[in-house]
Amino acid sequence: MIDDRQSGTQDCIDGLDQLQQSGAIDADEQNMLIRHLADHKRAMDEAMLEITPEYERRIAQDGQASADEWLASTAQALGEEHGAATRQILGSLNVNQGDGL
């Protein structure tokens, strides 16, 4: 899982490099997006540290099905929160769409 996430992170950074080299985003925007990506990764790591013990407690106390429902709801809320933050950042970009983008 961690190797997949690291590979995905590198793929994102490589994609941002390509966007910057093509002129679609400038260096400041590229740096802002890289910071956002790092902040997102850090927030998700912290969330996992908080969620795991609560999930295990819920399994023991309420059973697997109930714990899984809680986990799905919690994951959806996290996804919506991080999605909103990403949309806000992307909306602030002055993307140059040029010929190829």
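For the structure, check the block above.
Definitions and limits used
Residues numbered from 1 in each chain as written. Predicted model: local features only at pLDDT ≥ 70, side-chain atom pairs only at ≥ 80, totals over all residues. Heavy atoms only, no water. Salt bridge = Lys/Arg side-chain N within 4 Å of Asp/Glu carboxyl O. Helix = DSSP H or I, 4+ residues; strand = E, 2+ residues; numbered from the N terminus. Buried < 20%, exposed > 50% of the residue type's maximum accessible area, 1.4 Å probe, protein only.

Undergrad: For this particular structure, what's the right way to read the pattern of salt bridges?
TA: Side-chain pairs of opposite charge can arise where the charged atoms are in close proximity. Taken as a whole, this structure holds four salt bridges when the rule is applied. Across the salt bridge formed by arginine 42 and aspartate 39, the nearest N and O atoms sit 2.5 Å from each other. Of this pair, arginine 42 and aspartate 39 both sit in helix H2 (residues 27–62), three residues apart, which is roughly one turn of the helix. For arginine 42, a relative accessible area of 44% corresponds to the partly exposed category. Two residues, arginine 58 and glutamate 54, come together in a salt bridge whose shortest N-O distance is 2.8 Å. Linking arginine 58 with glutamate 54, this pair stays in helix H2, spanning four residues, or about one helical turn. What makes glutamate 54 partly exposed here is its relative accessible area of 23%. The network of salt bridges with shared partners includes Glu54, Arg57 and Arg58.

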